[in-house]
Each structure stands twice: as C-alpha cells, then as structure tokens.
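# Results of the structural survey
Listed below are the residues making up each chain.
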Amino acid sequence: MQTDLTQGSIRRGLITFSLPLIAGNLLQQFYNVVDTWVVGRFLGNIALAAVGSAFSLMNLLTSLLLGLCMGSGVVFSQLYGEGSRERMKTALFNAFVMIALLALVLTGASYALLPQLIALLRVPPEAVGEITEYLLVIFSGMGFVFLYNFFSAALRSVGNSLASLLFLLLATVVNIALDLLFVLGFGWGVAGAAGATVIAQALSAAGIAGYGFLRHRELIPRREHMRMDRTLLRRIAGVSVLTSVQQSIMNFGILMVQSLVNSFGIATMAAFAAGVKIDAFAYSPAQDFANGFSTFIAQNTGAGRADRVRRGIREAAVMSLSFCAVISLLVFLFARPLLMLFIDPGEGESLAIGVGYLRTEGVFYVGIGLLFLLYATYRGLERAGMSVILTVISLGLRVILAYAFAPLFGVTAIWLSIPIGWFIADAAGLLRLKKTLLSLWESREKQKRGSAQPSA
C-alpha cells in the first residue's frame, strides 16, 4: 500500500500514512516494556535499574543510526516527489553503503568502550554486573537496528508505511515469547531479556529487507546505480548527518539526566526507568505522527506544493497537540496504576518518586508534541541544522537546570527541567519557521525562473 502525500485530503493522507507508523512504534515500545515488566517484577529493583540505564545508553547509540536513516529518507522522499526515480536508486545505494560502514564502526566501538560507557552512567556498584551482562548481548543487535530502519525509511519515502508495522508485529510476538522463556523458563536473567530483544530485531530486519526486495523491485538499484555519486552523497550526508547529530544530542542529554538520576540511588533509578517507559508509550504516537509528517513535507517540497506545506503544518499541529493534551490528563490521573505495571507494590519509595515524576513532567506533553513537529518540518525542508539548534536548546537547558538545581531541590528540579527545555525550544522554532518557509520558496522560484531562461 502506497500513499501519494502530494495529492488529496491533507488530514486523511496524514492519518492514513501515520497510523501504521504509530502502531509500529507502539509495538516496539510494547516489547521494550515487556523487557522492563519481566525484569522489574521477576528480577528485582537492581536489575530494573540496570536495564533502565542500559536503555538510555542504547537509545544514544542507536540514535546515530536512526538519524542517518531518517535523514536519508528525506532525500529519498524529495527525489520521489520530484519524479527522479533513477537518481533515487543511486541515492539508496550511496546511503546504504555509508550507513552500513558506520554501523560496523559503532558496534566495534561500543564493545571496546564498554567500561567507559558504564562509568559515564555513574551506575551504583551493585548494578554494574547486571548492566554489563545486558549490554554485552544487546550491542550485537545494532546491525539489525540499522537494516530495519534503513528499509523502513526507504519504503516510507514512497508512501508505504504499513510494511514496518507488519514486521514489528512479528518481532513483538517473538520477543514476548522469548522473554518469558529465557528469563522465567531458563533463568538467564537480564542477558535472557537482551537476547530475546536481539532475536526479535533480527527477525524484523530480515523480514522488511526481504519484503523490500520482493514487493518493491522498482527501488532496487541496478548495476548502473551502484556507484558513488558525490553530489548525491553530499546531499544525503547534509541531511542525514545533521539528523543523526540531532538525535544523538537529544539522547546524550537524556543520558546525562540519567546519570544525575543514578546519583540519587536505586529507588530513584527504578522509578525513572519505569517513568521513561510510560513516557515512551504516552508520547510516541506524537513522535511517529511527526515522522510521517516529515515525509509529507519532503514529498510536497520536492513537488513544489507550497500551499500544501503551509496547510499541512496547521492541520498537523491541531491533531498532534490535541492528542498530547488528552494523554497528559490520562497520565496524571492514572500515574500510580501505570507505574505498578513495572514496580512491585511493596517498593513504596520507588512508586512515590515515580508518581512525582509523571505528575510533574507528564502534564506538559504538548511541549514535546510541538517540538516533534518542528523537528519534522525542518528535516522535511532539508533544514536539519535548525533541528540540531532546537535540540541543543531543549536538551542543553534540561541538563543545565537539572545539574544546577537538583542539589538544592532534589529530583523535582530534574523533572521540571524537562518541560522548561521543551517550551523554550518550541518558542525558538516557531519564531524561525515563517522566515525559513519564505526563504525556501523564494529560492525555489529563482531556480525555476533560471531553468526557464532560453540557452544562448
């Protein structure tokens, strides 16, 4: 199923295209949550704290690959919108080679620097053994993360967002079954939970790659496309590297906050690990809607549809912010029962800390919802540098405020620093957006007039 986002109802197109992305990420979050639930309820608070810290670290590392794939997808979408199918195949080959090499380097570096990475997290001594055991297994799945996200980005660029959902559904079922078997059945502890995730990642990567080759043969580069094209490679790198930097800054900031949280002890670590999982479920639909919106922006920019870009921004903002407001209310009302999915009711201190987190940070999801849309808009316009700036503002403020005020006011200062960073970045992004759109369309009009001039 392919959706042409340059034609028809904007709202219907955005919903149709984004729903599989939202469902797919919810499935991905679900099998991450299964890890957390099994570990937290059956292996205890120390194991939960270790896996929670490992999750923050893995988000940072895989965000490098995710950002490269997302940024490459923007170029694929613009070429598709332009109707440049042959150049798109060359772009696919160039991007695949570039990101595959980086995935290999990243995997090797992660193993080589494992002790330093654990030290950066400031993990309490009693949790070091558990997190080391978990990471030694989970690092082996980074190549599968690359393959899945690359083929997902390629298929999304031509309007197919359903395939990624189908293979994540398979991965979710496998992950849940293997989690229960490895941890509860075989007693393999946190390594079993990590192994279940890696096997699920491998299946989803193999499945979507096979689907791409069999069902979208028009995207497969032929011999004449398998060459390094410096112009395309620079264009791909210009968007994908900046998107990767943006994703990495975002997750590095989260990692720095995780490190500060860890300094408050196991109870706070466990509460934060559970709260972050609930966050991921709560606002991931807004994030995936924004990722779909990025494809909409890129396709319509490539097709020269300035009118649809402007109307799309308005419609997307109304839909996303309305959703975030409703989710904030639900998280506020049901904070305690949600946390009890991951934390044993007998762990009263962790539950109290977790409720405080969700009822402080969780009521401001509209801030992150708007920020996701701004990231997507700038990325789709091939202005990924602005996404980097907004991320630096958001995460920089979060880290500075948290480290400055946590010694005085405790963990509440950490929780409040998160939405403050969101809203200030939102203000900066909105102030810049109108000027960016005007500059882009003026530039494209000049290019059109120049290409229409008769040659001498």
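To be clear, the structure that these remarks concern was listed above.
Residues numbered from 1 in each chain as written. Predicted model: local features only at pLDDT ≥ 70, side-chain atom pairs only at ≥ 80, totals over all residues. Heavy atoms only, no water.

### A closer look at the overall build of the protein
For clarity, the cut-off: By the criteria applied, helices consist of DSSP H or I runs no shorter than four residues and strands consist of E runs no shorter than two, each listed in order from the N terminus. Put simply, the radius of gyration uses C-alpha atoms, and a globule should come to 2.2 Å times the residue count raised to 0.38. We call a residue buried when its accessible area falls under 20% of the maximum for its residue type, exposed when it is over 50%, and partly exposed in between, using a 1.4 Å probe and counting protein chains only. Working rule for contacts: check all heavy atoms of both residues, and any pair within 4.5 Å makes them a contact. Note on areas: these come from Shrake-Rupley sampling with a 1.4 Å probe, and a residue is covered only by the protein chains present in the view.
Each helix and strand in the protein was counted, giving 16 helices and 0 strands. Its C-alpha radius of gyration of 22 Å places the protein within 12% of the 23 Å reference for a compact globule of 456 residues. Taken over the C-alpha atoms alone, the protein extends approximately 80 × 45 × 35 Å along its principal axes. By residue count, 58% of the 456 residues in the protein fall in the buried class. At a minimum sequence separation of 6, the contacts of the protein that also span at least 24 residues come to 84%. Accessible surface computed for the protein: about 18,200 Å², of which carbon and sulfur atoms make up 68%.

### What about the packing of helix α10 (residues 266-302) against helix α13 (residues 348-361)?
Selection rule: An axis is simply a line fitted to the C-alpha atoms; with a helix, the fit covers only the stretch in contact. Between two such axes, the angle follows the N-to-C directions and lies from 0 to 180 degrees. Reported orientations rely on four angle classes, namely roughly parallel under 35 degrees, roughly antiparallel over 145, roughly perpendicular from 65 to 115, and oblique for the rest. Two helices crossing with the near one rotated counterclockwise from the far one by less than a right angle form a left-handed crossing, whereas a clockwise rotation gives a right-handed crossing. Asp, Glu, Lys and Arg are counted as charged, while Ala, Val, Leu, Ile, Met, Phe, Trp, Tyr, Cys and Pro are counted as nonpolar; the rest, among them Gly, fall into the polar class.
Axis separation between α10 and α13 bottoms out at 8 Å; the angle between their running directions is 40°. By the angle between their directions, the pair α10 and α13 is classed as oblique. The chirality of how α10 crosses α13 is right-handed. Here A267, T268, A270, A271, F272, G275, V276, I278, D279 and Y283 of α10 lie close against α13, whose contacting residues are E349, S350, I353, G354, Y357, L358 and E361. Class assignment of the residues belonging to the contact of α10 with α13 gives a composition of 10 nonpolar, 4 polar and 3 charged.

### Some thoughts on the environment of A163
Note on placement: A163 falls in helix α7 (residues 162-185). Separated by 248 residues in the primary sequence, A163 and V411 place their C-alpha atoms 41 Å from one another. Residues in contact with A163, not counting those within four places in the same chain, are L155, I208 and Y211.

### A word on unusual backbone geometry
With a phi close to 60°, E382 is a non-glycine residue in the positive phi region. Its place among the elements puts E382 in the loop between α14 (365-380) and α15 (384-409). Owing to a relative accessible area of 23%, E382 belongs among the partly exposed residues under this scheme.

### Thoughts on the pattern of salt bridges
Going by this rule: By definition here, a salt bridge exists when the distance from a side-chain nitrogen of Lys or Arg to a carboxyl oxygen of Asp or Glu is within 4 Å.
In total, this model carries 9 salt bridges according to the counting rule given. Between R222 and E86 there is a salt bridge, with its nearest N and O atoms 3.2 Å apart. Pair noted here: R222 is in the loop between α8 (189-215) and α9 (230-262) and E86 is in helix α3 (residues 85-112), with a separation of 136 residues, a long-range link. The exposure class of E86 is partly exposed, given its relative accessible area of 40%. One connected set of salt bridges, linked through shared partners, spans E86, K89, R222 and E224.

### As for the nonpolar core
We apply this condition: Among the buried residues, those of types Ala, Val, Leu, Ile, Met, Phe, Trp, Tyr and Cys that are joined through side-chain atoms within 4.5 Å form a nonpolar core.
Of all hydrophobic cores here, the largest spans 69 residues; its most connected members are L14, F293, L339, L358, Y365, I414 and W415. Ranked by the residues each element gives to this core, the list is headed by α10, at 16 residues. Not counting residues within four places of it along the chain, the set of residues in contact with I414 comprises V257, L260, V261, F264, A402 and A406. Counting residues in hydrophobic clusters, the runner-up holds 68 residues, among them L117, I131, A194 and A209.

### Comments concerning the layout of surface pockets
Here is the rule: Method remark: on a 1 Å grid restricted to protein atoms, a set of points is classed as a cavity if a 1.4 Å probe fits but cannot get out and as a pocket if it is open with protein on both sides within 12 Å along at least five of seven lines; lining residues have an atom within 4 Å of a point. Grid points are joined across faces, edges and corners, and a volume is the space filled by probe spheres set on the points.
Reported here for the largest pocket is a volume of approximately 290 Å³. Surrounding the largest pocket, 15 residues form its lining, F151, F213, L219, I220 and P221 being those nearest its centre. Looking at the lining of the largest pocket, the elements that each hand over two or more residues are α3, α6 (142-157) and α8. If you tally residues by element for the lining of the largest pocket, the top one is α6, at 4 residues. Taken together, the residues of the lining of the largest pocket break down into 13 nonpolar, 2 polar and no charged.

### A look at the side chain of H216
Heads up, the condition is: Two N or O atoms form a polar contact when they lie within 3.5 Å of each other; inside protein one atom must be a possible hydrogen donor and the other a possible acceptor, and for residues adjacent in sequence the pair counts only when both atoms belong to side chains.
Along the polypeptide, H216 turns up in the loop between α8 and α9. What makes H216 buried here is its relative accessible area of 4%. A polar side-chain atom of H216 sits 3.0 Å from a polar atom in the side chain of N160.

### Observations concerning helix α11 (residues 306-333)
Rules: A helix is expected to reach a length of 1.5 Å times the quantity of its residues less one.
In a regular helix each residue adds 1.5 Å, so 28 residues correspond to 40 Å; α11 covers 41 Å between its end C-alpha atoms and thus fits that length. Buried within α11 we find A306, R308, V309, G312, I313, A316, M319, S320, C324, I327, S328 and V331.

### A word on the side chain of T360
Relative to the assigned elements, T360 resides in helix α13. Note on T360: relative accessible area 17%, which makes it buried. In this structure the side chain of T360 is engaged in a polar contact, spanning 2.7 Å, whose partner is the backbone oxygen of G356. Not counting the four nearest positions on each side in its chain, T360 is found in contact with W415 and L416.

### As for the packing of α7 against α8
Between α7 and α8, whose axes approach to 8 Å, the crossing angle comes to 155°. If you check the angle between α7 and α8, you find them roughly antiparallel. Here α7 and α8 pass one another in a crossing that is right-handed.

### With respect to a nonpolar patch on the surface
Quick note on the threshold: Note that patches include only residues with greater than 30% relative accessible area and no salt bridge, and the join distances are 9 Å for like charges and 5 Å for nonpolar side chains (Val, Leu, Ile, Met, Phe, Trp, Tyr).
Where nonpolar side chains cluster on the molecular surface, the patch consists of V326, L329, L330, F332, L333, F334, V363, F364, L416, I420, F423 and I424 and spans about 1,000 Å² of accessible area. Those elements that provide at least two residues to the nonpolar patch are α11 and α16 (411-452). Examining the composition of the nonpolar patch, we find that 5 residues originate from one element, α11, more than from any other. Position of F332 among the secondary structure elements: in helix α11. For F332, a relative accessible area of 36% gives the class partly exposed.

### What about the packing of aromatic side chains?
To be explicit about the condition: Each Phe, Tyr or Trp ring, with Trp reduced to its six-membered ring, pairs with another whose centre is within 6.5 Å; inter-plane angles below 30 degrees give stacked pairs, above 60 give edge-to-face pairs, and intermediate values give tilted ones. Placement of a positive charge over a ring is assigned whenever Lys NZ or Arg CZ falls within 6 Å of the ring centre and within 35 degrees of the normal to the ring plane.
This model, assessed by the stated rule, comprises 21 aromatic pairs. Ring plane angle 80° and centroid distance 5.4 Å describe the contact between Y283 and Y365, whose orientation is recorded as edge-to-face. Here the residue Y283 occupies a position in helix α10, and Y365 occupies one in helix α14, the gap between them amounting to 82 residues. In this structure Y283 comes out as buried when scored by relative accessible area, which is 18%. The positively charged end of R359 is found above the aromatic ring belonging to F332, 5.2 Å away from the centroid.

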